[in-house]
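Chain and residue survey
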Amino acid sequence: MKALVALVAFAAALLGGAGALPLVLEARLSALAPGGLTVAGLHYNPLTGRLRLRAVSAHDAHGREIFRADEVEATAPLVNLLGGAPLTLQRVHVVAPRLVLAQAPALTLAGLGGAGFAAAPVVVDGIVVSNGAVVVEEPGRRALVARDLTARLDRAFGPGDGDAAFAVETALYGTSVRLTGQPIGRGSHALRVRARGLDAAALLEDFPQALAGAGVRLTEGRADVDATLVVSGSRVVASGQLRLERVVARFVEPRSAPLVATAIVLAVDRWDLATGSGRISRLELQQPRLTLERSTPAALTALVDWLAGPDVMLRRLRIVDGTVRLTTGTEPVILRGLTLGLQAAGETGPRAGFVLTARAGVGASGRLALDGALSRDLSRAEGAVRAVGVTLDGCGLDDISMPLPAQASPRAVLEALASTCSP
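Computed from a predicted structure; not experimentally measured. (Residues numbered from 1 in each chain as written. Predicted model: local features only at pLDDT ≥ 70, side-chain atom pairs only at ≥ 80, totals over all residues. Heavy atoms only, no water.)

On to the overall build of the protein, then. The secondary structure content of the protein amounts to seven helices and 24 strands. Out of the 423 residues belonging to the protein, those deemed buried represent 41%. Of all intrachain contacts in the protein linking residues separated by at least 6 positions in sequence, the fraction that spans at least 24 positions is 50%. (Helix = DSSP H or I, 4+ residues; strand = E, 2+ residues; numbered from the N terminus. Buried < 20%, exposed > 50% of the residue type's maximum accessible area, 1.4 Å probe, protein only. Contact = heavy atoms within 4.5 Å.)

Here it is in structure tokens:
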């Protein structure tokens, strides 16, 4: 009988205090944002722990809205509300949220699962986001907006614990971008990024530092990305492939013709994004078209120097069905159907150069072939050049063979061939 009376007394106390629980909850939730959190409606069932918030809005210390959501549903155990432990929210569902980040560095979104809550007195165990948006603002630049965002995090994270597996999909730069993350150690994540038809020109317009000082600007191009990023603190290492299609790139030199290509394919292994170092396992240009006047654009010279530098391990380079218009003498020379291949002869070491092969048509029926070897720093070449039915400045070269010039650039090869003509 005493047990029954105690149970009834407990139930009465619980139900009697239920009216104060929303106030307790609202006070604890308000502490999650520097400028406080407001809700248009709050309902809490102490028996089931079910919590529902309507029209949620959070503000920063200056009163600016940094977060809002149409609805938030979660489970908050009653015992957790009454103690001094961090607030625990389970099976959270956020509907139509909008999050504003000011001056967020690159890849901030990847760390939201841990960093966003690590300093707040709340533990989240499982969260689903539907129809969300993230706005990244930076003074002097247009805001970056990720729309139609859906996300799922299935593991608990909170104060002192930033490791959570997650999956995010959002509309960004004209396509759907999918990002999945898996913790691989304390403070480290492996992220898989996939996108098709990404507007690469718009992306580089928002992040101009990616090509800062390169002397070239991408004006058109759609990118397919499939890469894995290992994020550890501020270090990001990438492995995967980038394919750019319908490429138009313009050089800073006045009156220079743009570089146009059907596609550019870049595959890297353990590429450090901050230092620009690592291994390029494949670099391929498909149907590029380029006009080179007497002076080569500085961007191309810088690209060759960079590929030849100590920070890059280039394994394979290909040009497929290219067209290059060169000015070497009184008349321009057009190399058509240009196919060039560089294949690393060895994995590492200063003597691990490249096997070089190149074929191109010249003029109406001429043919040009190069076979040989190229040093690792791209400065010395050995091999042979053969020209069949080639005419340079009115001089016919038929079945001519000669050593490959030490500087095996297209211009140097043509000038060497022209020097074999009789006065």
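Here the phi dihedral of Arg 91 falls at roughly 50 degrees; this positive angle occurs in a residue that is not glycine. Mapped onto the secondary structure, Arg 91 falls in strand E4 (residues 87-95). Classification of Arg 91 by relative accessible area gives exposed; the value is 54%. Even without a glycine there, the phi angle at Arg 246 is positive, about 50 degrees.

This part is about the confidence of the model for the protein. Per-residue confidence for the protein gives a mean pLDDT of 81; residues scoring 70 or more make up 83%. Model confidence for the protein, summarised as mean pLDDT per element, is weakest for helix H1 (residues 2-17) at 38 and strongest for strand E13 (residues 259-272) at 96. Counting contacts from residues 1-19, a segment whose pLDDT is below 50, to residues more than four positions away or on other chains yields four contacts. pLDDT under 50 marks residues 105-119. Its contacts with residues more than four places away, or in other chains, come to 22 contacts. (pLDDT = per-residue confidence, 0-100.)

It is worth spelling out the side chain of Ser 277 at this point. Note that Ser 277 resides in strand E14 (residues 277-286). Among the polar contacts listed, one links the side chain of Ser 277 to the side chain of Thr 275, at a separation of 2.7 Å. Leave out the neighbours within four places in its chain, and Ser 277 touches Arg 270, Trp 271, Asp 272 and Asp 311. (Polar contact = N/O pair within 3.5 Å; in protein donor to acceptor, adjacent residues only side chain to side chain.)

This model, assessed by the stated rule, comprises one aromatic pair. Consider the rings of Trp 271 and Trp 306, whose centres lie 5.7 Å apart with planes at 80 degrees: the pair is edge-to-face. Highlighted residues: Trp 271 in strand E13 and Trp 306 in helix H6 (residues 298-307), separated in sequence by 35 residues. (Phe/Tyr/Trp six-rings, centres within 6.5 Å; stacked < 30°, edge-to-face > 60°.)

With 100 residues, the main nonpolar core has Leu 89, Val 92, Ile 280, Leu 368, Val 385 and Leu 417 as its most contacted residues. Filtering out sequence-adjacent residues up to four positions away, Leu 89 remains in contact with Leu 51, Ala 74, Thr 75, Ala 76, Val 122, Val 123, Val 124 and Asp 125. (Core = buried A, V, L, I, M, F, W, Y, C linked by side-chain atoms within 4.5 Å.)

All right, on to the environment of Leu 273 then. With respect to the element layout, Leu 273 can be found in the loop between E13 and E14. Taking the relative accessible area as the measure of exposure, Leu 273 reaches 48% and is therefore partly exposed. Separated by 44 residues in sequence, Leu 273 and Leu 229 place their C-alpha atoms 9.6 Å apart. Residues contacting Leu 273, with those up to four places away along its chain left out, are Val 236 and Ala 238.

In this section: the environment of Arg 142. Position of Arg 142 relative to the elements: it lies in strand E7 (residues 141-157). Taking the C-alpha atoms as reference points, Arg 142 and Asp 206, separated by 64 residues in sequence, lie 7.7 Å from one another. With residues near it in sequence (within four places) discarded, Arg 142 still touches Ala 202, Glu 205 and Asp 206.

So, about H6. Residues of H6 that are buried: Ala 299, Leu 300 and Leu 307. Down the axis of H6, the sector holding all buried residues measures 100 degrees, keeping them to one side. In this structure, the buried residues of H6 make contact with strand E11 (216-232), strand E12 (235-251), E14, strand E15 (289-292), strand E16 (312-314) and strand E17 (316-327). (Arc of directions from axis to C-beta.)

Next up on the list: the pairing of strand E8 (residues 166-172). Pairing of E8 with strand E9 (residues 175-185), which is carried by seven bridges, proceeds in the antiparallel orientation. Each residue of the ladder has a partner; that of Phe 166, found in E9, is Gly 181. Hairpin connection from E8 to E9: two residues lie between these consecutive antiparallel strands, with Tyr 173 at a positive phi of about 55 degrees. (Pairing = 2+ DSSP bridges.)

Moving on to the pattern of salt bridges. Counting across every chain of the model gives 15 salt bridges. Its salt-bridge partner being Arg 64, residue Asp 60 comes within 3.5 Å of it at the nearest N-O pair. The class of Asp 60 is buried, set by a relative accessible area of 14%. Here Asp 377 and Arg 380 are joined by a salt bridge, their closest N and O atoms 3.6 Å apart. (Salt bridge = Lys/Arg side-chain N within 4 Å of Asp/Glu carboxyl O.)

When E11 meets E12, the two strands line up antiparallel, connected through 15 bridges. Note on E12: the bridge partner recorded for Val 231 is Val 236. Counting the residues that bridge the hairpin from E11 to E12 gives two residues, and of these Gly 233 lies at a positive phi of roughly 65 degrees. In terms of strand pairing, E12 meets E13 through eleven bridges, oriented antiparallel. Considered in E13, the bridge of Val 248 is made with Val 260.

To continue, consider the environment of Val 252. Among the secondary structure elements, Val 252 is positioned in the loop between E12 and E13. Separated by 38 residues in the primary sequence, Val 252 and Ala 214 place their C-alpha atoms 9.1 Å from one another. What Val 252 contacts, discounting residues up to four positions off in sequence, is Gly 215 and Val 216.

Take the side chain of Glu 284 next. Its place among the elements puts Glu 284 in strand E14. Here the side chain of Glu 284 touches Gln 286 through a polar contact of 2.8 Å, side chain to side chain. In contact with Glu 284, not counting residues within four places along its chain, are Ala 263, Ile 264, Val 265, Arg 318 and Val 320.

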